[in-house]
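Structural description and commentary
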Amino acid sequence: MPHSRRVLTYAIAAAAAVIAGGVLPSGATAIAAAPRSATSDFNGDGFADVAVGVPEGTVGGRAKAGYVNVVWGGPKGVGAHGSIRVTQATAEVPGTPEAGDRFGASVTLTDLNGDGIAELLAGAPGEDVTDRGTDAGMVTVVGGAKGGPGPGATVLTGPSPSAAYGKSVAADYLTGGDNQAIVIGGMDKVVARVIHGEDSMITTVVAAPMGGRAPVLATGDFDSDGRADLAVAYWTAGDPNTQSHVRLWKWDAERLEMANFWNTSNAGVSALASGDFDGDGRNDLALGECREIADENIDDPCGPEQFAKGGGIHVHYASATGGSFGSRSQTLNQDTAGVPGVAEDGDRFGAALAVADVNRDGRDDLIAGAPGEAIGSEAGAGAAWLLHGGARGLLDAGGAAASVAWNQDTVGIPGVAEAGDTFGAALATGDYNTDGRPDVTVGSPGENASLGAVWLLPRGTAAGSTAFSPRTLDLPYLSTAHKYGKPLNSH
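Here the structure is a predicted model, which is why all the values come from computation and not from measurement. (Residues numbered from 1 in each chain as written. Predicted model: local features only at pLDDT ≥ 70, side-chain atom pairs only at ≥ 80, totals over all residues. Heavy atoms only, no water.)

1. Let's talk about the overall build of the protein chain
Secondary structure summary: the protein chain contains 2 helices and 29 strands in total. Rg of the C-alpha trace for the protein chain: 21 Å, near the compact-globule value of 23 Å for 491 residues, within the 12% margin. Once the C-alpha set of the protein chain is aligned to its principal axes, its extents read approximately 60 × 50 × 45 Å. A buried classification covers 58% of the 491 residues belonging to the protein chain. Considering only contacts in the protein chain between residues 6 or more positions apart, those separated by 24 or more positions represent 55%. (Helix = DSSP H or I, 4+ residues; strand = E, 2+ residues; numbered from the N terminus. Rg over C-alpha atoms; globule rule 2.2 N^0.38 Å. Buried < 20%, exposed > 50% of the residue type's maximum accessible area, 1.4 Å probe, protein only. Contact = heavy atoms within 4.5 Å.)

Put into structure tokens, the structure is as follows:
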């Protein structure tokens, strides 16, 4: 059922109050100097949780209405302690599930108000909105709470038909204050909902042709000023409107808008990830499945061209000497020494990325998925790699990596690699059992005839790994093609 303007106005105001700390969805009271927590603990039990978006899911008989499955962490990690299914039929969530809404197309668990309990941000790019049209799209915030979800509100709806707000979503402290800004990707547009003082404002970050793809979003302090910045990647191909960029934006307090301060052109990427891969205390930026979209005499925006085969990962490093961001870079693929496998067309190495200091050496490690990787004769079975950070980053002085690869034929990982599983299509990290070591979750949306599943690799190892799916979590499903396992989000 389309939303009335009255409900929209109320919900937007409520969402602004949530972000500003005036109304806290989890029921806690506002506190001064709230800690900037990256918790993904949605139920307040002290364990990190993981959100699985299921935009292809059927709800109330409505195909692709979509839902989000928040899977609880606990002493045994995620998948062994139950979960909660959040849909637009959930009492606390605004809206009504309709065919094609695709609620859960983008998901983020983050503590917006500093009370130690995460909120869920969920995009529904297929949402129809009264007076705004078909597929205007919507992003919803749902408060975390002990025992179940707290109140929900609409963060923002698309302004026009096919605006598709909610294709992607992110949140971080972009303005340097105590309030997180929510960034929303739609059709050919990225906007941010920012709290400034007691007011909430919407600012357009970028508007450009994006080929119908969801803009890729990531955050990190790329200029080392102590405040989070926004990375945006988008691309399309074809004359006369070829656009392909990775761009960095920061908050301009005087103009009250996001300002672009760094670009790399003609690079089309499928994933972005921020981490300190060389341990110098500064954020670096990894570009996943990086390839040159248009040749306009710009030298190798994704590094040496031979590393683009099968999908390449190109890393821009922050400057330790005060120079410009990205002046030092590294590029790798499956033909790089120390990376198991062989680069082949269609592997899609780097199509998904996640970051964690898995070995706790003070340098972030990069987890990379290749959902198109063939395992033996099984095309598209998929794989994932753990690439360790080091003193020079992901590659040593000789240009070699230190890494390990996983797939469903790896000893210790349950299941069997089969054609079309797309293991590695989505990735997330978090300390789900609070043992002080980050764990890795790997999505395989093609598993079991596209019902989909997610694997938990405790401490980033195959040993003791487990899998969970709609079947093991007793989720309702009317068909098998729910593609469970993409997207994933946790911290």
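2. Regarding the sheet that holds strand β26 (residues 439-444)
The antiparallel open sheet is built from 4 strands, whose spatial order is β25-β26-β27-β28. Two strands close off the open sheet at either side, each with one partner strand: β25 (426-430) and β28 (466-468). Across the sheet, the mean angle separating the axes of adjacent strands is 25° when strand polarity is ignored. (Pairing = 2+ DSSP bridges. Axes fitted to C-alpha atoms, helices over the stretch in contact; angles between N-to-C directions.)

3. Details of the state of the cysteines
Using the criterion set out here, one finds 1 disulfide in the structure. Between Cys290 and Cys302 runs a disulfide, and the two sulfur atoms are separated by 2.0 Å. Judged by the sign of its S-S torsion, about -70°, the cystine formed by Cys290 and Cys302 is left-handed. Of the two residues, Cys290 is situated in strand β18 (residues 284-292) and Cys302 in the loop between β18 and β19 (312-317); the sequence distance between them amounts to 12 residues. (Disulfide = S-S within 2.5 Å.)

4. Examining the pattern of salt bridges
A side chain with one charge can pair with a side chain of the opposite charge if their charged atoms come near. Tallied over the entire structure, the rule returns 11 salt bridges. A salt bridge links Asp361 to Arg363; the nearest nitrogen and oxygen atoms lie 4.0 Å apart. A salt bridge links Asp435 to Arg459; the nearest nitrogen and oxygen atoms lie 2.8 Å apart. Of this pair, Asp435 sits in the loop between β25 and β26 while Arg459 sits in the loop between β27 (453-457) and β28; the two residues are 24 residues apart in sequence, bridging distant segments of the chain. (Salt bridge = Lys/Arg side-chain N within 4 Å of Asp/Glu carboxyl O.)

5. Some points on the pairing of β27
Successive side chains on a regular strand alternate, one facing one side of the sheet and the next facing the other. In terms of burial, β27 is a largely internal element, 5 of the 5 residues being buried. Across the two faces of β27 the burial is the same, with Ala453, Trp455 and Leu457 and Val454 and Leu456 all buried. With 5 bridges joining them, β26 and β27 adopt antiparallel strand pairing. Residue pairing in the sheet places Gly443 in a bridge with Val454 of β27. The pairing of β27 with β28 spans 3 bridges and is classified as antiparallel.

6. Some points on the confidence of the model for the protein chain
Here the protein chain averages 90 in pLDDT, and 90% of its residues register 70 or above. Of the regions scoring below 50 in pLDDT, residues 1-37 engages in 75 contacts with residues more than four places distant in sequence or in other chains. (pLDDT = per-residue confidence, 0-100.)

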